[in-house]
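Structural description and commentary
Below, each chain spelled out in residue letters.
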Amino acid sequence: MTTVPTAGSGTAGPGGTPNRRAVVVLASIALVALLADLLTKHLALQTLDGRPPVRLLGGAVYLTLTRNSGAAWSIGADHTWVFPLITIGVVGWIVWMALRLRSLPWAVSLGLVLGGALGNLVDRIFRAPGHFVGHVVDMVSLFDPYGRVWPVFNLADSALVCGVLLAVVLELTGRQRDGSRIGKGAGGNAAGTPSGTGTEQRERA
């Protein structure tokens, strides 16, 4: 009889080895997101610097170049050095997760988060005014040319948000990073311990 891991065990199959395809998907999406972010920032600096906001889609979107020392709505602008440290921690966590990753949907999610995190980390490290206190280049504003409706953002921010939202959906639908899926079944006692066939079934995602 084959033993399957229990819910929340965090194992990733025999020996905890990652699925090579999942790792490749994660790395590829992260690389594409990073390169696309760097390219759009370069184009924004070349074409939008010194120009008034560019109105698109009837005012639903504006292209306006800003440099942000903080997070959304300039939160933490006086503590710029904190953001690179947080990002490095996030990157380290994703690398650790990749060592046991076997789910392609999770590979997409983590790849988007990784690419977005690296895109803004490059700004923090290499852009003015100095290393680890650099300002992030933003250029997209929704419904207002100066970010008064929604914070001005960049492609890295978009990748991060999409990756996090996808992760939430995967968690809510029971998809695990080890490639399994949790599904509630019948049975079990009042304390929630499995009985019979168990209250949870794990199937390949």
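Notes on the structure in this doc start here. Remember, it's a predicted structure, so these values are computed and weren't measured experimentally. (Residues numbered from 1 in each chain as written. Predicted model: local features only at pLDDT ≥ 70, side-chain atom pairs only at ≥ 80, totals over all residues. Heavy atoms only, no water.)

1. Overview of unusual backbone geometry
- Geometrically, the link from A128 to P129 is a cis peptide bond, its omega value of 15° lying close to zero.
- By the element assignment, P129 lies in the loop between α3 (104-126) and β3 (136-142).
- The backbone of F132 shows a phi angle near 70°, a positive value even though the residue is not glycine.
- For F143, which is not glycine, the phi dihedral falls at a positive 65°. (Helix = DSSP H or I, 4+ residues; strand = E, 2+ residues; numbered from the N terminus.)

2. Here we look at the packing of α3 against helix α4 (residues 155-172)
- Where α3 meets α4, the closest approach of the two axes is 7 Å, and the angle between their N-to-C directions is 150°. If you check the angle between α3 and α4, you find them roughly antiparallel. Once α3 is placed against α4, the crossing between them reads as left-handed. Contact residues: α3 offers P105, W106, V108, S109, L112, V113, G116, A117, G119 and N120, while α4 offers A156, D157, A159, L160, C162, G163, V164, L166, A167, L170 and E171.
- For the contact of α3 with α4, a count of residues per class yields 14 nonpolar, 5 polar and 2 charged. (Axes fitted to C-alpha atoms, helices over the stretch in contact; angles between N-to-C directions. Parallel < 35°, antiparallel > 145°, perpendicular 65-115°, else oblique. Left-handed = near helix turned anticlockwise from the far one by under 90°. Contact = heavy atoms within 4.5 Å. Nonpolar A, V, L, I, M, F, W, Y, C, P; charged D, E, K, R; others polar.)

3. Regarding the nonpolar core
- Judged by nonpolar contacts, the single largest core of 16 residues is most densely connected at L26, I94, L101, W106, A107, L110 and L114.
- Of all the secondary structure elements, the ones that give two or more residues to this core are α1 (20-47), α2 (82-98), α3 and α4.
- Beyond its immediate chain neighbours, meaning those up to four positions away, L101 contacts P18, N19, A22, L26, W106, A107, L110 and R177.
- L48, L65, M139 and F153 belong to the second-largest nonpolar core, a separate cluster that totals 8 residues. (Core = buried A, V, L, I, M, F, W, Y, C linked by side-chain atoms within 4.5 Å. Buried < 20%, exposed > 50% of the residue type's maximum accessible area, 1.4 Å probe, protein only.)

4. Some thoughts on α4
- Taking 1.5 Å of rise per residue, the 18 residues of α4 would be expected to cover 26 Å, and the 26 Å separating its terminal C-alpha atoms lies within 8% of that figure.
- Turning to α4, its buried residues are A156, A159, G163, A167 and L170. The arc that holds every buried residue of α4, seen down its axis, measures 70°, which confines them to one face. Among the exposed residues of α4, those pointing more than 90 degrees away from its buried face are L165 and L172.
- Its side-chain oxygen placed 3.0 Å from the backbone nitrogen of A156, N154 serves as the N-cap of α4.
- Two residues or fewer past α4, G174 is found with a positive phi of approximately 80°. (Expected span 1.5 Å × (residues − 1). Arc of directions from axis to C-beta. Polar contact = N/O pair within 3.5 Å; in protein donor to acceptor, adjacent residues only side chain to side chain.)

5. Things to note about α3
- End to end, α3 covers 32 Å across 23 residues, agreeing with the expected 33 Å (1.5 Å per residue, within 8%).
- Judged by how many residues are buried, α3 sits mostly within the fold: 17 of 23 residues are covered.
- Where α3 starts, the residue carrying a side-chain oxygen 3.3 Å from the main-chain nitrogen of W106 turns out to be S103.

6. Section: the sheet that holds β3
- Ordered by their spatial adjacency, 3 strands build an open sheet running β1-β2-β3, and the pairing between neighbours is antiparallel. The outermost strands of the open sheet, each flanked by one partner alone, are β1 (54-56) and β3. Put simply, the sheet's adjacent strands are angled 35° from each other on average, direction ignored.
- Pairing analysis gives 6 bridges linking strand β2 (residues 61-68) to β3, with the strands arranged antiparallel. Paired with V61 across the two strands is L142, which belongs to β3.
- Across the sheet, α1 touches β2 and β3, and the angle it forms with β3 is around 80°. (Pairing = 2+ DSSP bridges.)

7. As for a nonpolar patch on the surface
- A cluster of nonpolar residues, W81, L85, I88, F132 and V133, forms a patch on the protein surface that exposes about 460 Å² of accessible area.
- Positionally, F132 belongs in the loop between α3 and β3. (Patch = residues over 30% accessible without salt bridge, like charges linked within 9 Å, V, L, I, M, F, W, Y side chains within 5 Å. Areas by Shrake-Rupley, 256 points an atom, 1.4 Å probe, with all protein chains shown as cover. Salt bridge = Lys/Arg side-chain N within 4 Å of Asp/Glu carboxyl O.)

8. So, the pairing of β2
- Sheet analysis places β1 next to β2, joined by 3 bridges and oriented antiparallel. Note on β2: the bridge partner recorded for V54 is L63.
- Counting the residues that bridge the hairpin from β1 to β2 gives 4 residues, and of these L57 lies at a positive phi of roughly 55°.

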